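A look at the structure
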Amino acid sequence: MSENSKTNFFSIHSVVIIGASETPGKIGNTMLQNLEHFDGEVSGVNPKYSSPKQYHHLTPYFALTSKIVVRALLSHLSFRRTGKQGRYIYPTITSLPTIPDLAVICIPEKFVLQSMQELGEKWVKRVIIISAGFKEVGNTEAEIQLQEIAKKYDISLLWPNCLGYYDVCRNLDVSFWGKEAVCGNVAMVSQSGAMAVALFDWAKMKRLGVCKMISMGNKAGVDENDLLRELEHDKKTEVIAMYLESIEDGRTFFELAKKISKKKPIVLIKSGISDKWSLAASSHTGALSSKKEILETAFIGAGIHFTHSVEDFFLWSHMFAMVRDTEVGDELVIVTNAGWPGVMATDHVEFQGVTMAQFSDAEKILLRTGLPDSASVKNPIDIIGDATSTTYKQVLRNLASLEKKRAILIILTAQSVTDVEEIARVIVDFQRQNREILVMVSFMGGSAVLAGREILQSGNILEYDYPKKAIIAYKELRAQRTWEQVPETSVHLPLLNLGVQKELSLMLAREEKLVSDSVVSALLSAYEIPHTTAKLVTDISQLKDVFQKGGKYVAKIASPDIAHKTDCGGVILGIDSLSWAEEAYTTIRENVKKVHPNAQIDGVLFQTMVPDGREVFVGCKWDVSFGEVLIVGLGGIYVNIYEDVTRRIGPVSKDEIWTMLGELRGSPILAGVRGEAPIDFEKLIDTIFKMQTLFHEFPQIQEIDINPIIVTEHDVWVVDVKMYV
């Protein structure tokens, strides 16, 4: 959104509090108190006054913790007057002398509708509703009425049942939770007011500088997509940290985040991701595309740093906030004064998939300069337990002298000769002189290292109580830097002849749930997708025509009510004679009748068998929030057991399909093992891309399930396809 957009809550110069109060303890009074240091215009509205009344910020001389004492002394407690002069509380909205940029409503729910109407007539275009009592308690009708008023007067709403918004760097605090904050570069967004309070408090404890804290409430107005658009262009915001319970428009969220995350890291905690979609029981694709899996696929595809852990949320946010311009080495060096912490850190490096630096012989000579003979210059670099600040200074100087710069993790345990505080100062000085090198520190211990950790924190050093946390944060930083280098790509999907497309659309319109084999075959042929031919046999006498050409066949039950044919004895392989075909025809129908006595049976399909090859699974699914989802994996009857699949929000390019195949645990099987030739990857990728295009062009198809595609060294055949409308 542009800076002048009416929905931009970050360009506020005047605020009115609807429900302003001079009575300590009331929300309207808290709102006025919070705006004491805001440089813009502040006014209030309260009908208890018959004319405009000048107010002052009231700050008690001391705080009382006992509620009983507070009640007893409230009427006698003296206050000192502070803050700006000339601020007024007006009796009505209509009596306001100017049009404020923002109105904050903190009055009982029964008065909110009338206030909204009056704000609309006053031409106020931004409103925050602190008041509760709407959809969250079942009062949906009132919430709808508020939306209608907002639409009528073109008002942007951050509401209702929210805790408000705090622009820390401008002292624009239109919230009502107790907090202190340091202006920083992290914008925090929370759908939950309770989480907003907790996250803000944690941020203070973690010394995470916050530029904005936004509580969205019921999201009946402004949602996460609106805020992403604003934060994209907000100069103070360099990191976006979000807690979301729902995503209103997943496709827009995905596309916005994918663009923004290249410039500003997005860290996300998302709750409520465990529900299954309706087709999960009827197909492999449905079973492999739960809400959780699709959400995680979307987040990864958009470059979002998604976590269920509040600890990781802050580890990553803090790392991104601290390291914006520093060169991040793609290898890690560990420096330690104790052996086992170095070994444990090395284990975590391997577990997290981080690359440990390997030193050349020439580098080892440089690294040994000035170090004791007992020190080891392998990685981890062990400078032994008697290392002092002089030793740490020397090893850091040696690392800085190397031509190739790596990230450094410094580990310290406080031993009898360890001058902890001086070592901390050495590290701070080193980082100031070598800003191009990423330095992380873990002083392990309690009271013995506390003063040193304070020095590191004051020096803006990335410090952690355990090495594992540093490694986790570094891994995510490397992932962000790698993501930033991924070039933007556009996917061109070739359109089918419009006449054919119209004809096929009419055919699909007559289908019910599971698309018939004849229509599936017509669709595959239209897109030149290689597939095996099949003939529907409705009477055993028709089999003579099938076997005139010879060859081997597979027989399958043809029924719109049966998705998994093998499970009910509805498939027989390797049929190479008329007598066997006749027996298979009868057996299949009898098997199916026993298991599914009420199923509609259209006949038995006799399909040409293809040579043995490797089996690949492909699924296309339409997600109600994120749109097209492509799933690729190893195929066969165990696809849902092994779940060796990878997913993307579509459409995706052929290069991305190649990447997807490489992500499979079973990718070596496709590439060839023990002397086997590799499959024809080019033909397979082309087939998957064509199937994706088919799915994209026919939105009435909700799901495609292909299991398997048989792939050999030279050929590809789509053998079994189910389509659902």
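Everything numeric here is computed off the predicted structure, so don't read it as measured data.

**Overview of the layout of surface pockets**
For the largest pocket, the calculated volume is near 1,300 Å³. Forming the boundary of the largest pocket are 38 residues, of which Ile 300, Gly 301, Trp 483, Arg 648 and Glu 656 lie nearest the centre. Elements that contribute at least two residues to the lining of the largest pocket include exactly helix H7 (250–260), helix H9 (291–301), strand E14 (305–307), helix H16 (467–485), strand E26 (645–649) and helix H22 (654–663). Its residues assigned to classes, the lining of the largest pocket comprises 14 nonpolar, ten polar and 14 charged. A volume near 1,100 Å³ is recorded for the second largest pocket. When residues of the lining of the second largest pocket are traced back to their parent elements, those giving at least two are strand E10 (183–190), helix H5 (193–205), helix H10 (310–322), helix H14 (420–433), helix H15 (447–458) and strand E19 (462–464).

**Here we look at the sheet that holds strand E17 (residues 407–413)**
Pairing within the open sheet is parallel, and its five strands lie in the order E16-E15-E17-E18-E19. Only two strands of the sheet have a single partner each, and these edge strands are strand E16 (381–382) and E19. Pairing of strand E15 (residues 332–336) with E16, which is carried by two bridges, proceeds in the parallel orientation. Across the sheet, residue Val 335 finds its bridge partner in E16, namely Ile 381. Taken strand by strand, H14 contacts E17 and strand E18 (439–444), and its axis lies near 170° from that of E18. With respect to the sheet, H16 is in contact with E15, E17, E18 and E19, its orientation differing from that of E17 by roughly 170°.

**Comments concerning the pairing of strand E2 (residues 41–45)**
Each regular strand carries side chains that alternate between the two faces of the sheet. When you tally the buried positions in E2, you get four out of five residues, the bulk of the element. With five bridges connecting them, strand E1 (residues 14–18) and E2 associate as parallel partners. The residue of E2 that forms the bridge with Ile 17 is Gly 44. Of the crossover connections in this fold, the one passing from E1 over helix H1 (residues 27–34) to the parallel E2 is right-handed.

**Let's talk about the packing of helix H3 (residues 112–121) against helix H4 (residues 140–153)**
Here H3 crosses H4 at 5°, and the two axes come no closer than 9 Å. Considering the angle they form, H3 stands roughly parallel to H4. On the side of H3, the interface is formed by Val 112, Leu 113, Met 116, Gln 117, Gly 120 and Glu 121, while H4 contributes Ala 142, Gln 145, Leu 146, Ile 149, Ala 150, Lys 152 and Tyr 153. Considering only residue class, the contact of H3 with H4 consists of eight nonpolar, three polar and two charged.

**Considering the packing of H5 against H10**
Viewed as axis vectors pointing N to C, H5 and H10 meet at an angle of 50°, and their least axial separation amounts to 11 Å. The angle between H5 and H10 falls in the class oblique. Note on packing geometry: the crossing formed by H5 with H10 is right-handed. Only Val 310, Phe 313 and Phe 314 of H10 make contact with H5, whose side of the interface consists of Leu 199, Trp 202 and Ala 203. Within the contact of H5 with H10, the residues separate by chemical class into six nonpolar, no polar and no charged.

**Observations regarding H7**
Residues of H7 that are buried: Gly 250, Thr 252, Phe 253, Phe 254, Leu 256, Ala 257 and Ile 260. Residues of H7 that are buried sit in contact with helix H6 (224–233), strand E12 (239–244), strand E13 (266–270), H9 and E26.

**Some thoughts on the sheet that holds E10**
Paired through backbone hydrogen bonds, the strands of a sheet run either parallel or antiparallel to each other. Here seven strands make up an open sheet; going across it, the order is E9-E8-E11-E10-E12-E13-E14 and the pairing mixed. Lying at the two open borders of the sheet, with one neighbouring strand each, are strand E9 (172–175) and E14. Within this sheet the neighbouring strands show an average axis-to-axis angle of 15°, counted without direction. By the bridge criterion, three bridges tie E13 to E14 in an arrangement that is parallel. Its bridge partner being in E14, Leu 268 is matched across the sheet by Phe 306.

**Let's talk about the pattern of salt bridges**
Applying the stated rule across the entire model yields 27 salt bridges. Taking the shortest distance from any N to any O, the salt bridge between Glu 463 and Arg 453 comes out at 2.7 Å. Taken together, the residues span a long stretch of sequence, with Glu 463 in strand E19 and Arg 453 in helix H15 at a distance of ten residues. The partner of Glu 484 in a salt bridge is Arg 481, with the nearest N and O atoms 3.8 Å apart. Note that Glu 484 and Arg 481 are positioned in helix H16 at a spacing of three residues, about one turn of the helix. For Arg 481, a relative accessible area of 13% gives the class buried. Salt bridges linked by common partners bring Glu 331, Glu 363, Lys 404 and Arg 406 together as one network.

**Some points on unusual backbone geometry**
Pro 380 follows Asn 379 through a cis peptide bond whose omega is 10°. Along the chain, Pro 380 falls in the loop between helix H12 (361–367) and E16. Here the bond from Gly 650 into Pro 651 is cis, since omega is -5°, no more than 30 degrees from zero. Looking at the element boundaries, Pro 651 is found in the loop between E26 and H22. Positive phi, close to 75°, is recorded for Ile 384, a residue that is not glycine.

**Section: the side chain of Asn 379**
Looking at the secondary structure, you find Asn 379 in the loop between H12 and E16. Taking the relative accessible area as the measure of exposure, Asn 379 reaches 17% and is therefore buried. Among the polar contacts made by the side chain of Asn 379, one reaches the main-chain amide nitrogen of Ile 334 at a distance of 3.0 Å. At 3.1 Å, the side chain of Asn 379 and the backbone oxygen of Ala 357 are in polar contact.

**Structural notes on the state of the cysteines**
Counting across every chain of the model gives one disulfide. Through a disulfide, Cys 169 is tied to Cys 183; the S-S separation comes to 1.9 Å. With the S-S bond torsion at 90°, the cross-link from Cys 169 to Cys 183 turns out right-handed. On the criterion of sequence distance, the pair formed by Cys 169 in the loop between strand E8 (164–167) and E9 and Cys 183 in strand E10 is long-range, its members being 14 residues apart. The class for Cys 169 is partly exposed, based on a relative accessible area of 23%. Judged by relative accessible area, Cys 183 falls into the partly exposed class, the value being 40%.

**Some points on the pairing of E9**
Residues Leu 172 and Val 174 of E9 are buried on one face, and the alternating residues Asp 173 and Ser 175, pointing to the opposite face, are buried as well. Inspection of the sheet shows E8 paired to E9 by four bridges, in the antiparallel sense. Its bridge partner being in E9, Gly 164 is matched across the sheet by Ser 175. The hairpin turn running from E8 into E9, its antiparallel successor, is four residues long, and Asn 171 in that turn takes a positive phi close to 55°.

**A look at the environment of Glu 255**
Relative to the elements of secondary structure, Glu 255 occurs in helix H7. Assessed through its relative accessible area of 46%, Glu 255 is described here as partly exposed. Along the sequence, Glu 255 and Ala 302 sit 47 residues apart, while their C-alpha atoms lie 7.1 Å from each other.

Cut-off values and rules
Residues numbered from 1 in each chain as written. Predicted model: local features only at pLDDT ≥ 70, side-chain atom pairs only at ≥ 80, totals over all residues. Heavy atoms only, no water. 1 Å grid on protein atoms, 1.4 Å probe; cavity = no way out; pocket = protein on both sides within 12 Å on 5 of 7 lines; lining within 4 Å. Points joined across faces, edges and corners; volume = space filled by probe spheres on them. Helix = DSSP H or I, 4+ residues; strand = E, 2+ residues; numbered from the N terminus. Nonpolar A, V, L, I, M, F, W, Y, C, P; charged D, E, K, R; others polar. Pairing = 2+ DSSP bridges. Contact = heavy atoms within 4.5 Å. Axes fitted to C-alpha atoms, helices over the stretch in contact; angles between N-to-C directions. Buried < 20%, exposed > 50% of the residue type's maximum accessible area, 1.4 Å probe, protein only. Right-handed = clockwise from strand over helix to strand, strands pointing away. Parallel < 35°, antiparallel > 145°, perpendicular 65-115°, else oblique. Left-handed = near helix turned anticlockwise from the far one by under 90°. Salt bridge = Lys/Arg side-chain N within 4 Å of Asp/Glu carboxyl O. Polar contact = N/O pair within 3.5 Å; in protein donor to acceptor, adjacent residues only side chain to side chain. Disulfide = S-S within 2.5 Å.

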